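Topology and contacts: notes
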Amino acid sequence: MALALTGASRAHAEAQLLVDADTGKVLYAENATYPWYPASVTKLMTAYTTLRAVKEGRIRLDTLLTVSRNAVAQQPTKMGFREGTTVTVDNALKMLMVKSANDIAVVLAEGVGGSISGFADQMNANARRLGMTQTHYVNPNGLPAEEQITSARDLALVARALIREFPQYDSYWHISAIRYGKRTFRNYNTLIDRYPGADGMKTGFICASGFNLVASATRNGKRLIAVILGSYSSAVRAQKAATLLERGFNSAGLSWLTPSLGNVEALVPVDAQPPNLRDEMCGGHRRKPPSEDNDEQEANAGDPASSQALGFAGTKAATEKYVLPAATHVGETITVYTGPANNPDKVEAVAASKAKPHKKKTAKKKKGHQAASADTKKKSSQ
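Residues numbered from 1 in each chain as written. Predicted model: local features only at pLDDT ≥ 70, side-chain atom pairs only at ≥ 80, totals over all residues. Heavy atoms only, no water.

1. Regarding the pairing of strand β2 (residues 26–30)
Judged by how many residues are buried, β2 sits mostly within the fold: 5 of 5 residues are covered. In this antiparallel pair of consecutive strands, strand β1 (residues 15–20) and β2, the connection spans 5 residues, and glycine 24 shows a positive phi of 80°. (Buried < 20%, exposed > 50% of the residue type's maximum accessible area, 1.4 Å probe, protein only. Helix = DSSP H or I, 4+ residues; strand = E, 2+ residues; numbered from the N terminus. Pairing = 2+ DSSP bridges.)

Have a look at this one:
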């Protein structure tokens, strides 16, 4: 079923996996145990390790963390806060999952583990406990590192763990957008608000890995997890994940016709080096440099695998493709802020003051020039 990543096929390497979130049953697998660079899907384990610390009482969601010089130095994407800025664990998790903020990943790592290396040790300990035998972490954000490796199988394991162990925090995985001051950041997971039932989880991209996605969706009480690694663009990865999910939801009545692919834990790892897709993803043939913020959005344009049919759970290849509709309902935009939970910093005060111009004008009329001068001083101090 799976193509070996050798010779010409390595240039167009891709891994796909579909599992039942409740049972762990594998519904489809292609290169699912081939080592891969995770990119920002690393942040699923960052979130897991943070929530484990909350569960164990080592931190709280309202614990205040400080942005360090090391966090400021991280490459985009990031929130771009200044050194010394404080943020709660709750707000940091929202920024991590929606904006995929690399600086915030370091803030969480240093706040929970004391340092990046200390947090990576906790991440690796959690990976071993979950049976993620092909995974090794050296940083909390997935920025390029030769030693940072995972597989589609292992990503499905951490996704299942988040769903099963922390149901009370499920909303973190499907926030449509966050608002910080005047800026609104939409979730890079474009299945949210577009694919019926989509409820998670995380995207990722570096040149070496291609466009990665761990997606989840629920229909009629059944939740599926789809993992796509190595796609040519964010549009391609979303379309392929949607196609896998759609077939998974629609194949229940035919399951007795298909051979069992076993449980996700039982998939046999492949001993190999992860493919490096840098030339394919970031070579000079791209019309513009790909990234999470700047991507070629055509679902098929330039994708070498776009015309290949996907087999499903041992059945003959299906040629139909699920086409994602435009967003019919945009979910709630969640306001995030810096500072403590009970006393948000100036970003909230500024937003509130700009929403009430009439009160300012009334005050100026009553108190004249002195009131206006005082108001000017107040603005300059914000």
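After presenting the structure, the write-up continues.
2. Things to note about the packing of helix α3 (residues 89–98) against helix α4 (residues 102–113)
Where α3 contacts α4, the two axes come as close as 9 Å, and the packing angle between them is 145°. In terms of crossing hand, the pair formed by α3 and α4 is left-handed. Here Val89, Ala92, Leu93, Met95 and Leu96 of α3 lie close against α4, whose contacting residues are Ile104, Ala105 and Leu108. (Axes fitted to C-alpha atoms, helices over the stretch in contact; angles between N-to-C directions. Left-handed = near helix turned anticlockwise from the far one by under 90°. Contact = heavy atoms within 4.5 Å.)

3. Overview of the packing of helix α1 (residues 43–55) against helix α6 (residues 152–165)
The geometry of α1 relative to α6 is characterised by a closest axis approach of 10 Å and an angle of 35° between their N-to-C directions. The handedness of the crossing between α1 and α6 comes out as left-handed. Only Val158, Ala161, Leu162 and Glu165 of α6 make contact with α1, whose side of the interface consists of Leu44, Met45, Ala47, Tyr48, Leu51 and Arg52. For the contact of α1 with α6, the class distribution of residues is 8 nonpolar, no polar and 2 charged. (Nonpolar A, V, L, I, M, F, W, Y, C, P; charged D, E, K, R; others polar.)

4. Description of the nonpolar core
Leu17, Met45, Ile104 and Val227 are the most contacted members of the largest nonpolar core, which totals 76 residues. Ranked by residue count, the leading element in this core is α6, at 9 residues. Ranked by size, the runner-up nonpolar core spans 20 residues in total, among them Leu18, Leu191, Tyr195 and Leu244. (Core = buried A, V, L, I, M, F, W, Y, C linked by side-chain atoms within 4.5 Å.)

5. A word on the state of the cysteines
Taken as a whole and judged by the stated rule, the model has 1 disulfide. Paired through a disulfide, cysteine 207 and cysteine 282 show a sulfur-sulfur distance of 1.9 Å. With the S-S bond torsion at -95°, the cross-link from cysteine 207 to cysteine 282 turns out left-handed. Residue cysteine 207 is found in the loop between β7 (198–206) and β8 (210–219), and its partner cysteine 282 is found in helix α8 (residues 278–282); the two are separated by 75 residues along the sequence. (Disulfide = S-S within 2.5 Å.)

6. Some points on the sheet that holds β7
Judged by pairing direction, the sheet is antiparallel, and its 5 strands sit side by side in the order β2-β1-β9-β8-β7 without closing on themselves. Both edges of this open sheet fall to β2 and β7, since each of them pairs with a single strand only. Neighbour-to-neighbour, the strand axes of the sheet open up by a mean angle of 5°, direction not taken into account. Note: β1 against β2, 4 bridges, orientation antiparallel. Among the inter-strand pairings, valine 19 is bridged to a residue of β2, identified as valine 26. In the packing of α6 onto the sheet, contacts are made with β1, β7, β8 and β9 (222–231), and the angle to β9 comes to roughly 145°.

7. A closer look at the side chain of glutamine 16
You can see glutamine 16 is positioned in strand β1. One polar contact links glutamine 16 to glutamate 14, side chain to side chain, over a distance of 3.1 Å. (Polar contact = N/O pair within 3.5 Å; in protein donor to acceptor, adjacent residues only side chain to side chain.)

8. Topic: unusual backbone geometry
The residue after proline 76, namely threonine 77, is reached through a cis peptide bond having omega 10°. Here the residue pair glycine 200 and methionine 201 is connected by a cis peptide bond, since its omega of 0° sits within 30 degrees of zero. Along the chain, methionine 201 falls in strand β7. A positive phi angle, close to 55°, is found at asparagine 31, a residue other than glycine. Checked against the element boundaries, asparagine 31 lands in the loop between β2 and α1. We classify asparagine 31 as buried; its relative accessible area is 9%.

9. Some thoughts on α1
Between its first and last C-alpha atoms α1 spans 18 Å; for 13 residues at 1.5 Å apiece the expected length is 18 Å, and the two agree. Among the 13 residues that make up α1, 12 are buried, leaving the element largely enclosed by the rest of the structure. Every buried residue belonging to α1 is among Lys43, Leu44, Met45, Thr46, Ala47, Tyr48, Thr49, Thr50, Leu51, Arg52, Ala53 and Val54, and all of these are buried. Of the surrounding secondary structure, the elements contacted by the buried residues of α1 are α3, α4, α5 (116–129), α6, β7 and β8. A positive backbone phi angle near 80° is found at glycine 57, which sits one or two residues after α1. (Expected span 1.5 Å × (residues − 1).)

10. Comments concerning the side chain of threonine 63
Along the chain, threonine 63 turns up in the loop between α1 and β3 (64–66). There is a polar contact of 2.8 Å between the side chain of threonine 63 and the backbone nitrogen of arginine 60. Discounting chain neighbours no more than four positions away, the residues touching threonine 63 are Val87, Thr88 and Val89.

11. Observations concerning the pattern of salt bridges
With the rule as written, the count across this model stands at 13 salt bridges. Glutamate 14 is the salt-bridge partner of lysine 240, the closest N and O atoms lying 3.0 Å from each other. Taken together, the residues span a long stretch of sequence, with lysine 240 in helix α7 (residues 234–250) and glutamate 14 in the segment before β1 at a distance of 226 residues. Summarising the burial analysis for this pair, lysine 240 and glutamate 14 share the class buried. Salt-bridge contacts for aspartate 62 lead to arginine 60; the nearest nitrogen and oxygen are separated by 2.8 Å. One salt-bridge network, in which partners are shared between bridges, spans Arg52, Glu56, Arg58 and Glu165. (Salt bridge = Lys/Arg side-chain N within 4 Å of Asp/Glu carboxyl O.)

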